[in-house]
Amino acid sequence: MSRTLILLRHGKSDYPLGVPDHERPLNERGRRQAALAGDWIRDDGLHVDAVLCSTATRTRATLERTGIDAPTDYLAEIYGGTPDELLELLRIHAPTGAETILMVGHFPGMPETALTLDADGAIDRFPTSAYAVVRVGVEWNRIGLDVDQDAKLVALRIPR
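Scoring rules and cut-offs
- Residues numbered from 1 in each chain as written.
- Predicted model: local features only at pLDDT ≥ 70, side-chain atom pairs only at ≥ 80, totals over all residues.
- Heavy atoms only, no water.
- Helix = DSSP H or I, 4+ residues; strand = E, 2+ residues; numbered from the N terminus.
- Rg over C-alpha atoms; globule rule 2.2 N^0.38 Å.
- Buried < 20%, exposed > 50% of the residue type's maximum accessible area, 1.4 Å probe, protein only.
- Contact = heavy atoms within 4.5 Å.
- Areas by Shrake-Rupley, 256 points an atom, 1.4 Å probe, with all protein chains shown as cover.
- Lys, Arg positive; Asp, Glu negative; His and termini not counted.
- Charge placed at Lys NZ, Arg CZ, Asp CG, Glu CD.
- Phe/Tyr/Trp six-rings, centres within 6.5 Å; stacked < 30°, edge-to-face > 60°.
- Lys NZ or Arg CZ within 6 Å of the ring centre and 35° of its normal.
- Salt bridge = Lys/Arg side-chain N within 4 Å of Asp/Glu carboxyl O.
- Pairing = 2+ DSSP bridges.
- Axes fitted to C-alpha atoms, helices over the stretch in contact; angles between N-to-C directions.
- Parallel < 35°, antiparallel > 145°, perpendicular 65-115°, else oblique.
- Left-handed = near helix turned anticlockwise from the far one by under 90°.
- Nonpolar A, V, L, I, M, F, W, Y, C, P; charged D, E, K, R; others polar.

Peer 1: Can you tell me about the overall build of the protein, naming the residues and giving the values?
Peer 2: The helix and strand tally for the protein stands at four helices and six strands. Along the chain direction, N to C, the helices and strands of the protein fall in the order β-α-β-α-β-α-β-α-β-β. For 160 residues, the compact-globule estimate of 2.2 N^0.38 gives 15 Å, and the C-alpha radius of gyration of the protein, at 14 Å, lies within 12% of that figure. For the protein, the spread of C-alpha atoms along the principal axes amounts to about 45 × 30 × 30 Å. For the protein, with 160 residues in total, the buried portion stands at 48%. Contacts spanning at least 24 positions in sequence make up 69% of the contacts within the protein whose residues lie at least 6 apart. A total accessible area of about 7,600 Å² is found for the protein, and carbon and sulfur atoms account for 47% of it. Taken together, the 18 basic and 24 acidic charged side chains of the protein have centroids lying 8 Å from each other.

Here you go:
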């Protein structure tokens with residue numbers, strides 16, 4: 001049994017005056033990056049069965065621009081979540097039968113979660129719209145709990 005977790009950082013955001021961080025939109029570059037990330041995910045042969053997405057405006061817009069149309073849970077806890085918290089969200093919200101789950105979130109949670117699952121992995125940088133692909137050998141409800149979860153960071157992609 002092998003499952004695939006895609007950890008996608010949102011696209012480049014704008015910084016409008018007076019707009020709280022949670023509500024910041026994508027800028028033009030971020031919209032292009034997000035669409036390209038969706039293309040690359042499909043080109044990599046990854047079929048997303050379910051999505052867990054932060055409620056932040058920029059993550060929601062990133063998901064929309066990817067063109068990935070899968071059942072989605074919007075979870076406020078992804079925003080600012082630590083790897084342990086993000087893995088707990090996966091255990092709680094991941095559909096049992098899903099083979100591939102996309103989580104759309106923020107830095108540093110996305111790369112740190114990949115490295116928590118695969119301590120031997122290496123991530124030099126994780127800019128906006130980057131995504132990590134992690135293969136996991138346990139059920140979603142066990143992710144992050146088993147010492148031998150057979151997790152491997154198999155790709156790090158930076159759509160530009």
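Peer 1: Break down the packing of aromatic side chains for me, with residues and values.
Peer 2: In total, this model carries zero aromatic pairs according to the counting rule given. The residue whose ring lies beneath R60 is Y74, and the NZ or CZ to ring-centre distance is 4.0 Å.

Peer 1: Give me the pattern of salt bridges: which residues, what numbers.
Peer 2: One pass over the full model with this rule turns up eight salt bridges. Between R32 and E28 there is a salt bridge, with the nearest N and O atoms lying 3.9 Å from each other. Taken together, the residues span about one helical turn, with R32 and E28 both in helix α1 (residues 28–43) at a distance of four residues. A salt bridge links D118 to K152, with the nearest nitrogen and oxygen atoms 4.0 Å apart. Separated by 34 residues along the polypeptide, D118 in the loop between α4 (109–117) and β5 (131–136) and K152 in strand β6 (residues 152–157) bring together distant segments of the chain. Using a relative accessible area of 45% as the deciding quantity, one classes K152 as partly exposed. Counted as one network, the salt bridges with shared partners bring together D21, R24 and R58.

Peer 1: I'd like a rundown of the sheet that holds β5, residues and numbers included.
Peer 2: Read across the sheet, six strands follow the order β3-β2-β4-β1-β5-β6 without closing on themselves; strand pairing throughout is mixed. Pairing within the sheet leaves two strands with one partner each, and these edge strands are β3 (72–75) and β6. Strand-to-strand twist in this sheet, taken as the mean axis angle between neighbours without regard to direction, amounts to 15 degrees. As paired strands, strand β1 (residues 3–9) and β5 are joined by six bridges and run antiparallel to one another. For L5, the partnering residue across the bridge sits in β5 and is V134. Across the sheet, α1 lies against β1, β5 and β6, angled at about 30 degrees from β5, the strand it touches most. Helix α2 (residues 57–66) contacts β1, β2 (50–54), β3 and β4 (100–105) of the sheet and is inclined by roughly 145 degrees relative to β2.

Peer 1: How would you summarise the packing of α1 against α2 if you had to cite specific residues and measurements?
Peer 2: Their axes nearest at 7 Å, the elements α1 and α2 cross at an angle of 50 degrees. Classed by the angle they form, the pair α1 and α2 counts as oblique. In the packing of α1 onto α2, the handedness of the crossing is right-handed. Every residue of α2 that contacts α1 at R31, A34, A35, G38 and R42 is listed here: T62, R65 and T66. A class-by-class count of the residues in the contact of α1 with α2 yields two nonpolar, three polar and three charged.

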